[in-house]
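Now for the letters of each chain:
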Amino acid sequence: MGFRSWRSCIFIAVFLILSSTLCEAKLSPTFYDQTSPRALSTIRKAVRRAVSHERRMAASLIRLHFHDCFVQGCDASILLDNSSTVQSEKNAPNNLNSVRGYEVIDNIKSKVESMCPGIVSCADIVVVATRDSSVAVSGPTWTVKLGRRDSTTSGLSQTATNLPGFRDSLDKLITLFRSKGLNARDMVALSGIHGYAMINSLNDGYMGSHTIGRARCLTFRDRIYSNGTDIDAGFATTRRRRCPAQNGNGDANLAPLELVTPNSFDNNYFRNLIQRKGLLQSD
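Quantities reported herein were computed from a predicted structural model and do not represent experimental measurements. (Residues numbered from 1 in each chain as written. Predicted model: local features only at pLDDT ≥ 70, side-chain atom pairs only at ≥ 80, totals over all residues. Heavy atoms only, no water.)

**Brief notes about the state of the cysteines**
One pass over the full model with this rule turns up two disulfides. Bridging Cys69 to Cys74, the disulfide has an S-S length of 2.0 Å. One quick way to see it: the torsion about the S-S bond of Cys69 and Cys74 is about 120 degrees, and its sign makes the bridge right-handed. Each member of the pair, Cys69 together with Cys74, is buried. Bridging Cys217 to Cys243, the disulfide has an S-S length of 1.9 Å. Judged by the sign of its S-S torsion, about 75 degrees, the cystine formed by Cys217 and Cys243 is right-handed. Residue Cys217 is found in helix 9 (residues 217–224), and its partner Cys243 is found in the loop between helix 10 (233–240) and strand 3 (254–256); the two are separated by 26 residues along the sequence. Judged by its relative accessible area of 0%, Cys217 falls in the buried class. Judged by its relative accessible area of 0%, Cys243 falls in the buried class. Sequential numbering of the bridged cysteines in the chain gives the disulfide pattern 1-2, 3-4. (Disulfide = S-S within 2.5 Å. Buried < 20%, exposed > 50% of the residue type's maximum accessible area, 1.4 Å probe, protein only. Helix = DSSP H or I, 4+ residues; strand = E, 2+ residues; numbered from the N terminus.)

So, in C-alpha coordinates, the structure goes:
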(Lines give C-alpha, C1' and ligand atoms only; values in the text may rest on other atoms or scores of the structure.)
Protein backbone atom coordinates (compact mmCIF):
# COMPACT_ATOMS: atom_id res chain seq x y z
CA MET A 1 0.00 0.00 0.00
CA GLY A 2 1.46 3.37 -1.07
CA PHE A 3 1.85 6.37 1.22
CA ARG A 4 -1.13 8.16 -0.29
CA SER A 5 -3.32 5.05 0.08
CA TRP A 6 -2.23 4.56 3.69
CA ARG A 7 -2.88 8.20 4.47
CA SER A 8 -6.30 8.07 2.81
CA CYS A 9 -7.25 5.05 4.90
CA ILE A 10 -6.26 6.88 8.09
CA PHE A 11 -8.15 9.95 6.93
CA ILE A 12 -11.32 7.95 6.33
CA ALA A 13 -11.03 6.14 9.65
CA VAL A 14 -10.60 9.36 11.60
CA PHE A 15 -13.50 11.09 9.86
CA LEU A 16 -15.69 8.08 10.57
CA ILE A 17 -14.74 8.46 14.23
CA LEU A 18 -15.53 12.17 14.17
CA SER A 19 -18.80 11.71 12.33
CA SER A 20 -20.08 8.67 14.18
CA THR A 21 -18.66 8.20 17.66
CA LEU A 22 -19.22 11.83 18.59
CA CYS A 23 -22.91 11.17 17.99
CA GLU A 24 -24.97 8.99 20.31
CA ALA A 25 -27.72 8.16 17.80
CA LYS A 26 -27.91 4.84 15.99
CA LEU A 27 -26.75 5.65 12.49
CA SER A 28 -27.16 3.89 9.15
CA PRO A 29 -25.98 4.67 5.60
CA THR A 30 -29.49 3.78 4.36
CA PHE A 31 -31.33 6.04 6.80
CA TYR A 32 -32.91 8.19 4.05
CA ASP A 33 -33.35 5.54 1.37
CA GLN A 34 -37.13 5.42 1.79
CA THR A 35 -37.93 8.89 3.10
CA SER A 36 -35.62 10.99 0.92
CA PRO A 37 -33.96 8.84 -1.77
CA ARG A 38 -32.60 11.81 -3.74
CA ALA A 39 -31.00 13.57 -0.78
CA LEU A 40 -27.45 12.29 -1.24
CA SER A 41 -27.33 12.99 -4.98
CA THR A 42 -28.70 16.48 -4.35
CA ILE A 43 -25.98 17.19 -1.78
CA ARG A 44 -23.29 15.81 -4.06
CA LYS A 45 -24.35 17.96 -7.03
CA ALA A 46 -24.54 21.11 -4.92
CA VAL A 47 -21.07 20.52 -3.45
CA ARG A 48 -19.58 19.87 -6.88
CA ARG A 49 -21.11 23.09 -8.14
CA ALA A 50 -19.80 25.09 -5.18
CA VAL A 51 -16.26 23.65 -5.48
CA SER A 52 -16.28 24.15 -9.24
CA HIS A 53 -17.07 27.81 -8.66
CA GLU A 54 -14.45 28.17 -5.90
CA ARG A 55 -12.07 25.27 -5.28
CA ARG A 56 -11.18 26.59 -1.84
CA MET A 57 -14.78 25.86 -0.76
CA ALA A 58 -13.92 22.17 -0.40
CA ALA A 59 -11.45 23.10 2.32
CA SER A 60 -13.97 25.41 3.95
CA LEU A 61 -16.69 22.76 4.16
CA ILE A 62 -14.31 20.21 5.66
CA ARG A 63 -13.17 22.76 8.23
CA LEU A 64 -16.77 23.71 9.05
CA HIS A 65 -17.45 20.05 9.80
CA PHE A 66 -14.40 19.83 12.04
CA HIS A 67 -15.36 22.95 13.99
CA ASP A 68 -18.87 21.59 14.44
CA CYS A 69 -17.90 18.09 15.60
CA PHE A 70 -15.10 19.10 17.95
CA VAL A 71 -17.32 21.27 20.15
CA GLN A 72 -20.32 19.17 21.17
CA GLY A 73 -20.51 16.49 18.52
CA CYS A 74 -21.64 16.49 14.89
CA ASP A 75 -24.96 18.17 15.56
CA ALA A 76 -24.89 21.25 13.28
CA SER A 77 -24.87 23.53 16.32
CA ILE A 78 -22.36 25.71 14.48
CA LEU A 79 -25.14 26.66 12.05
CA LEU A 80 -27.43 28.16 14.68
CA ASP A 81 -27.86 31.93 14.41
CA ASN A 82 -28.20 34.35 17.30
CA SER A 83 -31.64 34.54 18.86
CA SER A 84 -33.25 35.32 22.19
CA THR A 85 -32.30 31.82 23.37
CA VAL A 86 -29.13 31.10 21.37
CA GLN A 87 -25.65 32.60 21.44
CA SER A 88 -24.31 31.49 18.09
CA GLU A 89 -21.05 29.57 17.77
CA LYS A 90 -20.52 31.57 14.59
CA ASN A 91 -19.51 34.50 16.78
CA ALA A 92 -16.83 32.62 18.72
CA PRO A 93 -13.30 34.02 18.14
CA ASN A 94 -12.37 30.63 16.67
CA ASN A 95 -15.11 30.90 14.03
CA LEU A 96 -15.93 34.56 13.43
CA ASN A 97 -14.74 35.72 9.99
CA SER A 98 -12.92 32.40 9.73
CA VAL A 99 -15.26 29.46 9.21
CA ARG A 100 -16.85 29.57 5.76
CA GLY A 101 -19.37 27.62 3.73
CA TYR A 102 -22.53 28.40 5.66
CA GLU A 103 -24.25 29.62 2.51
CA VAL A 104 -23.46 26.35 0.72
CA ILE A 105 -25.07 24.32 3.50
CA ASP A 106 -28.06 26.69 3.53
CA ASN A 107 -28.47 26.24 -0.21
CA ILE A 108 -28.31 22.46 0.07
CA LYS A 109 -30.80 22.46 2.94
CA SER A 110 -33.20 24.56 0.86
CA LYS A 111 -32.97 22.14 -2.08
CA VAL A 112 -33.48 19.09 0.11
CA GLU A 113 -36.39 20.70 1.98
CA SER A 114 -38.15 21.41 -1.32
CA MET A 115 -38.12 17.67 -2.06
CA CYS A 116 -38.81 16.23 1.39
CA PRO A 117 -39.63 18.79 4.09
CA GLY A 118 -38.49 18.10 7.63
CA ILE A 119 -36.68 14.85 6.86
CA VAL A 120 -32.95 15.41 6.32
CA SER A 121 -31.04 17.02 9.18
CA CYS A 122 -28.51 19.80 8.72
CA ALA A 123 -26.10 17.67 10.76
CA ASP A 124 -26.23 14.93 8.14
CA ILE A 125 -25.93 17.47 5.31
CA VAL A 126 -22.71 18.85 6.81
CA VAL A 127 -21.20 15.37 7.20
CA VAL A 128 -22.15 14.26 3.68
CA ALA A 129 -20.93 17.56 2.21
CA THR A 130 -17.56 16.93 3.89
CA ARG A 131 -17.22 13.57 2.17
CA ASP A 132 -18.30 15.03 -1.16
CA SER A 133 -15.85 17.93 -0.76
CA SER A 134 -13.00 15.47 -0.37
CA VAL A 135 -14.05 13.63 -3.52
CA ALA A 136 -14.42 16.90 -5.44
CA VAL A 137 -10.70 17.63 -5.03
CA SER A 138 -9.47 14.09 -5.74
CA GLY A 139 -9.46 13.01 -2.11
CA PRO A 140 -10.77 9.74 -0.68
CA THR A 141 -14.40 8.74 -0.31
CA TRP A 142 -16.16 6.74 2.39
CA THR A 143 -19.60 5.53 3.38
CA VAL A 144 -21.41 8.04 5.59
CA LYS A 145 -23.71 6.75 8.30
CA LEU A 146 -26.80 8.91 8.64
CA GLY A 147 -29.57 9.68 11.09
CA ARG A 148 -28.17 12.55 13.18
CA ARG A 149 -30.49 15.08 14.73
CA ASP A 150 -29.85 18.81 14.78
CA SER A 151 -28.97 20.55 18.02
CA THR A 152 -31.18 23.32 19.38
CA THR A 153 -28.47 24.54 21.75
CA SER A 154 -25.19 26.31 21.06
CA GLY A 155 -21.77 25.29 22.31
CA LEU A 156 -20.38 28.82 22.18
CA SER A 157 -18.81 28.60 25.63
CA GLN A 158 -16.97 25.40 24.65
CA THR A 159 -15.31 26.60 21.46
CA ALA A 160 -12.25 28.23 23.07
CA THR A 161 -11.33 25.09 25.02
CA ASN A 162 -12.35 22.46 22.46
CA LEU A 163 -10.84 23.72 19.21
CA PRO A 164 -7.06 23.40 18.66
CA GLY A 165 -5.11 26.58 17.96
CA PHE A 166 -2.23 27.18 15.57
CA ARG A 167 0.08 28.13 18.46
CA ASP A 168 -0.75 25.07 20.59
CA SER A 169 2.13 22.90 21.78
CA LEU A 170 2.38 19.25 20.79
CA ASP A 171 1.44 18.11 24.30
CA LYS A 172 -1.64 20.34 24.33
CA LEU A 173 -2.73 19.12 20.91
CA ILE A 174 -2.33 15.46 21.88
CA THR A 175 -4.29 16.04 25.09
CA LEU A 176 -7.08 17.81 23.25
CA PHE A 177 -7.42 15.11 20.61
CA ARG A 178 -7.26 12.40 23.25
CA SER A 179 -10.26 14.02 24.97
CA LYS A 180 -12.20 13.31 21.76
CA GLY A 181 -11.15 9.66 21.66
CA LEU A 182 -8.42 10.28 19.08
CA ASN A 183 -4.77 9.33 19.42
CA ALA A 184 -1.60 11.02 18.15
CA ARG A 185 -1.76 9.16 14.84
CA ASP A 186 -5.32 10.37 14.31
CA MET A 187 -4.19 13.90 15.10
CA VAL A 188 -1.44 13.78 12.48
CA ALA A 189 -3.89 12.50 9.86
CA LEU A 190 -6.40 15.23 10.67
CA SER A 191 -3.70 17.88 10.54
CA GLY A 192 -2.88 16.79 7.00
CA ILE A 193 -6.55 16.95 6.07
CA HIS A 194 -6.94 20.21 7.89
CA GLY A 195 -4.39 22.10 5.91
CA TYR A 196 -7.03 21.67 3.46
CA ALA A 197 -8.72 24.56 5.12
CA MET A 198 -8.06 28.26 4.89
CA ILE A 199 -7.14 29.75 8.24
CA ASN A 200 -8.30 33.33 8.04
CA SER A 201 -9.77 34.44 11.33
CA LEU A 202 -9.43 38.16 11.92
CA ASN A 203 -8.46 37.53 15.53
CA ASP A 204 -6.63 34.24 15.55
CA GLY A 205 -5.86 31.13 13.52
CA TYR A 206 -6.90 27.58 14.28
CA MET A 207 -5.84 24.23 13.04
CA GLY A 208 -7.61 23.09 9.94
CA SER A 209 -6.72 20.64 7.18
CA HIS A 210 -3.27 21.51 5.92
CA THR A 211 -2.89 19.63 2.65
CA ILE A 212 -4.79 22.31 0.75
CA GLY A 213 -5.80 25.88 1.41
CA ARG A 214 -4.21 29.12 2.60
CA ALA A 215 -3.41 30.92 5.84
CA ARG A 216 -3.36 34.58 6.81
CA CYS A 217 -0.03 36.26 7.56
CA LEU A 218 -1.04 36.93 11.16
CA THR A 219 -1.24 33.19 11.81
CA PHE A 220 2.33 32.38 10.73
CA ARG A 221 4.24 35.68 11.18
CA ASP A 222 5.87 34.64 14.48
CA ARG A 223 7.07 31.37 12.97
CA ILE A 224 8.72 32.78 9.85
CA TYR A 225 10.53 35.50 11.83
CA SER A 226 11.60 33.22 14.67
CA ASN A 227 14.93 32.20 13.07
CA GLY A 228 14.31 28.84 14.69
CA THR A 229 15.93 25.53 13.82
CA ASP A 230 12.55 23.94 13.09
CA ILE A 231 11.92 25.99 9.93
CA ASP A 232 13.83 25.97 6.66
CA ALA A 233 15.58 29.34 6.23
CA GLY A 234 14.80 29.61 2.52
CA PHE A 235 11.16 28.77 3.12
CA ALA A 236 10.93 31.43 5.84
CA THR A 237 12.55 34.04 3.56
CA THR A 238 10.06 33.29 0.78
CA ARG A 239 7.10 33.62 3.11
CA ARG A 240 8.39 36.94 4.49
CA ARG A 241 7.94 38.57 1.07
CA ARG A 242 4.20 38.84 1.58
CA CYS A 243 4.14 38.87 5.36
CA PRO A 244 5.86 41.94 6.89
CA ALA A 245 7.29 41.63 10.38
CA GLN A 246 5.24 44.46 11.85
CA ASN A 247 1.91 43.47 13.39
CA GLY A 248 -1.02 45.03 11.59
CA ASN A 249 0.89 45.30 8.33
CA GLY A 250 -0.26 42.73 5.76
CA ASP A 251 -2.14 40.64 8.35
CA ALA A 252 -4.67 39.50 5.73
CA ASN A 253 -2.08 38.51 3.11
CA LEU A 254 -2.44 34.86 2.21
CA ALA A 255 0.08 32.06 1.72
CA PRO A 256 -0.59 28.44 0.68
CA LEU A 257 -0.41 25.94 3.52
CA GLU A 258 1.17 23.45 1.15
CA LEU A 259 3.76 24.59 -1.38
CA VAL A 260 3.75 22.04 -4.19
CA THR A 261 0.07 21.25 -4.86
CA PRO A 262 -1.92 23.77 -2.78
CA ASN A 263 -5.22 23.00 -4.53
CA SER A 264 -5.12 19.20 -4.45
CA PHE A 265 -5.61 16.51 -1.84
CA ASP A 266 -2.31 14.63 -1.62
CA ASN A 267 0.61 13.82 0.70
CA ASN A 268 2.89 16.77 -0.08
CA TYR A 269 1.95 18.43 3.21
CA PHE A 270 3.78 15.66 5.07
CA ARG A 271 6.74 15.78 2.72
CA ASN A 272 7.02 19.51 3.41
CA LEU A 273 7.06 18.90 7.16
CA ILE A 274 10.00 16.52 6.81
CA GLN A 275 11.82 19.35 5.01
CA ARG A 276 10.91 21.81 7.84
CA LYS A 277 8.51 23.71 5.54
CA GLY A 278 5.39 23.64 7.67
CA LEU A 279 3.74 27.06 7.63
CA LEU A 280 2.05 27.08 11.07
CA GLN A 281 3.70 26.57 14.42
CA SER A 282 1.33 23.69 15.18
CA ASP A 283 2.63 21.94 12.03
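Let us keep going from here.
**Here we look at the pattern of salt bridges**
Tallying each qualifying case throughout the model produces nine salt bridges. Two residues, Arg56 and Glu54, come together in a salt bridge whose shortest N-O distance is 3.6 Å. Looking at Glu54, the relative accessible area reads 23%, which means it is partly exposed. Beyond isolated ion pairs, a larger network of salt bridges with shared partners links Glu54, Arg56 and Arg100. (Salt bridge = Lys/Arg side-chain N within 4 Å of Asp/Glu carboxyl O.)

**Some thoughts on the packing of aromatic side chains**
In this structure the tally under the stated criterion is four aromatic pairs. Ring geometry for Phe66 against Phe70: centres 4.5 Å apart, planes inclined by 25 degrees, an arrangement best described as stacked. In this pair, Phe66 and Phe70 both sit in helix 3 (residues 56–72), four residues apart, roughly one turn of the helix. Relative accessible area serves as the criterion here: at 1%, Phe66 is assigned to the buried category. Looking at Phe70, the relative accessible area reads 0%, which means it is buried. Taken together, the ring pairs connect Phe66, Phe70 and Phe177 into an aromatic cluster. Taking the ring centre of Tyr102 as reference, the NZ or CZ of Lys90 above it sits at 4.5 Å. Directly above the ring of Phe70 sits Lys180, whose terminal nitrogen or CZ lies 5.6 Å from the centroid. (Phe/Tyr/Trp six-rings, centres within 6.5 Å; stacked < 30°, edge-to-face > 60°. Lys NZ or Arg CZ within 6 Å of the ring centre and 35° of its normal.)

**Re the nonpolar core**
Core analysis: the largest hydrophobic core is formed by 35 residues, its most contacted members being Ile43, Val47, Leu64, Leu79, Ile105, Ile108 and Val120. Elements that contribute at least two residues to this core include exactly helix 2 (39–53), helix 3, helix 4 (102–115) and helix 5 (122–136). Broken down by element, the residue count for this core peaks at seven residues, all from helix 5. For Leu64, the residues in contact, after removing those within four places along its chain, are Ile78, Leu79, Val99, Arg100, Gly101, Tyr102 and Val126. If you look at the next biggest cluster of nonpolar residues, it comprises 13 residues, including Ala215, Cys217, Ala255 and Leu280. (Core = buried A, V, L, I, M, F, W, Y, C linked by side-chain atoms within 4.5 Å. Contact = heavy atoms within 4.5 Å.)

**Let's talk about the environment of Ser60**
With respect to the secondary-structure elements, Ser60 resides in helix 3. Ser60 sits in the buried class, given a relative accessible area of 4%. As a C-alpha pair, Ser60 and Tyr102 span 42 residues in sequence and 9.2 Å in three-dimensional space.

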